[in-house]
Amino acid sequence: AQKVTQAQTEISVVEKEDVTLDCVYETRDTTYYLFWYKQPPSGELVFLIRRNSFDEQNEISGRYSWNFQKSTSSFNFTITASQVVDSAVYFCALSGETGANNLFFGTGTRLTVIP
Amino acid sequence: EAGVVQSPRYKIIEKKQPVAFWCNPISGHNTLYWYLQNLGQGPELLIRYENEEAVDDSQLPKDRFSAERLKGVDSTLKIQPAELGDSAVYLCASSLGGLAGVRDTQYFGPGTRLTVL
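Residues numbered from 1 in each chain as written. Chains lettered and ligands numbered in written order. Predicted model: local features only at pLDDT ≥ 70, side-chain atom pairs only at ≥ 80, totals over all residues. Heavy atoms only, no water.

Peer 1: Would you explain the packing of aromatic side chains in this entry?
Peer 2: What characterises a pair of aromatic rings is the spacing of the ring centres plus the angle enclosed by the ring planes. This structure, assessed with the given rule, holds 21 aromatic pairs over all chains. Both rings, one in Phe 21 of chain B and one in Tyr 90 of chain B, keep their centres 4.9 Å apart while their planes meet at 25 degrees; by these two values the pair is stacked. Linking Phe 21 of chain B in strand β3 (residues 19–24) with Tyr 90 of chain B in strand β9 (residues 88–95), this pair joins segments that are 69 residues apart in sequence. You can call Phe 21 of chain B buried: its relative accessible area is 1%. Judged by its relative accessible area of 1%, Tyr 90 of chain B falls in the buried class. The structure contains a cluster of three or more aromatic residues connected by ring pairs, namely Phe 35, Tyr 37, Phe 47, Phe 91 and Phe 105 of chain A together with Tyr 33, Tyr 35, Tyr 107 and Phe 108 of chain B. (Phe/Tyr/Trp six-rings, centres within 6.5 Å; stacked < 30°, edge-to-face > 60°. Helix = DSSP H or I, 4+ residues; strand = E, 2+ residues; numbered from the N terminus. Buried < 20%, exposed > 50% of the residue type's maximum accessible area, 1.4 Å probe, protein only.)

Put into structure tokens, the structure is as follows:
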């Protein structure tokens, strides 16, 4: 079965601090994809990144970076120098063959950046 | 390029009334999804369409929920009759589908927030 765990329910940081959002997944697939989405107060889920199971290279996009470690089944997301606009709920999700390529989401982490 | 469009954005109804939600996917996207998102939870799949065919509706409560995607483009999700527990956000998403397989990336609309009184 596919499962995604985001143990951090809520995180608050002061603007300009760095923050890491944790994501741990479970799957028996050898080929799978991991995703991060951002859900601001407007409600729309915004796609941030997709990573396949064969690529463990870390990725950086501006202030965002992702650390994928198969050994610990984790796909963590770090925001550097956080800004108020980063305040949102962040979801980690998994897609794999045994899940019929459907997305399985974690319960999300609510990030609040305090000015 | 226009994103996924949903309407209405908000809907308030009394229990036992019917309600319908509409979704127009990104142009060229063959796969369309309806999700249910309860407060404090991640989205959960209700139904997935490949073109006009519902390929996964295992989580759709078929006694009161129905969906259609007649021409393989836009889609409607209906609840009849609505119950108090149906209060939630209903999200629509679309993706290229086809041979994309597990790497297929879903793009979401803004959702419809339903309140059943």
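Still to come is the rest of the account.
Peer 1: Explain the sheet that holds β3 of chain B to me, please; I cannot follow it from the model alone.
Peer 2: Whether parallel or antiparallel, the strands of a sheet pair through hydrogen bonds between backbone atoms. Residue and element names in this part refer to chain B. The strand order across the open sheet formed by 4 strands is β1-β3-β8-β7, and the pairing between neighbours is antiparallel. Of all the strands in the sheet, the pair left with one neighbour each is β1 (5–7) and β7 (65–68). The mean inter-strand angle of the sheet, taken between neighbouring strand axes irrespective of direction, is 15 degrees. In terms of strand pairing, β7 meets strand β8 (residues 75–79) through 4 bridges, oriented antiparallel. What sits directly across from Ser 66, in β8, is Lys 78. (Pairing = 2+ DSSP bridges. Axes fitted to C-alpha atoms, helices over the stretch in contact; angles between N-to-C directions.)

Peer 1: So what exactly am I meant to see when it comes to the interface of chain B and chain A here?
Peer 2: One widely used convention gives an interface's size as the accessible area the parts lose upon coming together. On the side of chain A, 22 residues touch chain B, which itself brings 22 residues to the contact. Summed over both partners, the interface of chain B with chain A buries about 1700 Å², with 52% contributed by carbon and sulfur atoms. Our count for the contact surface shared by chain B and chain A stands at 0 salt bridges. Scanning the region where chain B abuts chain A turns up 6 residue pairs in polar contact (both at pLDDT 80 or more). Of all the elements in the fold, those that place two or more residues in the side of chain B that touches chain A are β4 (31–37), β5 (44–50) and β10 (107–108) of chain B. (Contact = heavy atoms within 4.5 Å. Buried area = accessible area lost by both parts, 1.4 Å probe. Salt bridge = Lys/Arg side-chain N within 4 Å of Asp/Glu carboxyl O. Polar contact = N/O pair within 3.5 Å; in protein donor to acceptor, adjacent residues only side chain to side chain.)

Peer 1: Where do I start with the environment of Asp 104 of chain B in this structure?
Peer 2: For Asp 104 of chain B, the location among the structural elements is in the loop between β9 and β10. When the C-alpha positions of Asp 104 of chain B and Thr 31 of chain B are compared, they lie 9.5 Å apart, and in sequence the two are 73 residues distant. Not counting chain neighbours up to four residues away, the residues in contact with Asp 104 of chain B comprise Phe 35 of chain A together with Thr 31, Tyr 33, Ser 95, Leu 96 and Gly 97 of chain B. A distance of 2.6 Å separates the side chain of Asp 104 of chain B from the side chain of Ser 95 of chain B, its partner in a polar contact. A polar side-chain atom of Asp 104 of chain B sits 3.4 Å from the main-chain amide nitrogen of Leu 96 of chain B.

Peer 1: What is the right way to look at the layout of surface pockets in this model?
Peer 2: The method is simple in principle: a probe with the dimensions of a water molecule rolls over the atoms, and the space it marks as empty is what remains. Quantified by volume, the largest pocket comes out at close to 640 Å³. In terms of lining, the largest pocket is formed by 32 residues, of which the most central are Gln 39, Val 89 and Arg 110 of chain A together with Leu 39 and Arg 113 of chain B. Secondary-structure elements contributing two or more residues to the lining of the largest pocket are β10 (88–96) and β12 (109–114) of chain A together with β9 and β11 (112–116) of chain B. Considering each element in turn, the lining of the largest pocket owes the most residues, 4 residues, to β11 of chain B. When the residues that make up the lining of the largest pocket are grouped by side-chain class, the tally is 12 nonpolar, 16 polar and 4 charged. Here the second largest pocket is characterised by a volume of approximately 390 Å³. Elements with a contribution of two residues or more to the lining of the second largest pocket: β1 (3–5) and β11 (103–105) of chain A together with β4 and β5 of chain B. (1 Å grid on protein atoms, 1.4 Å probe; cavity = no way out; pocket = protein on both sides within 12 Å on 5 of 7 lines; lining within 4 Å. Points joined across faces, edges and corners; volume = space filled by probe spheres on them. Nonpolar A, V, L, I, M, F, W, Y, C, P; charged D, E, K, R; others polar.)

Purely spatial values, then, with no claim about function.
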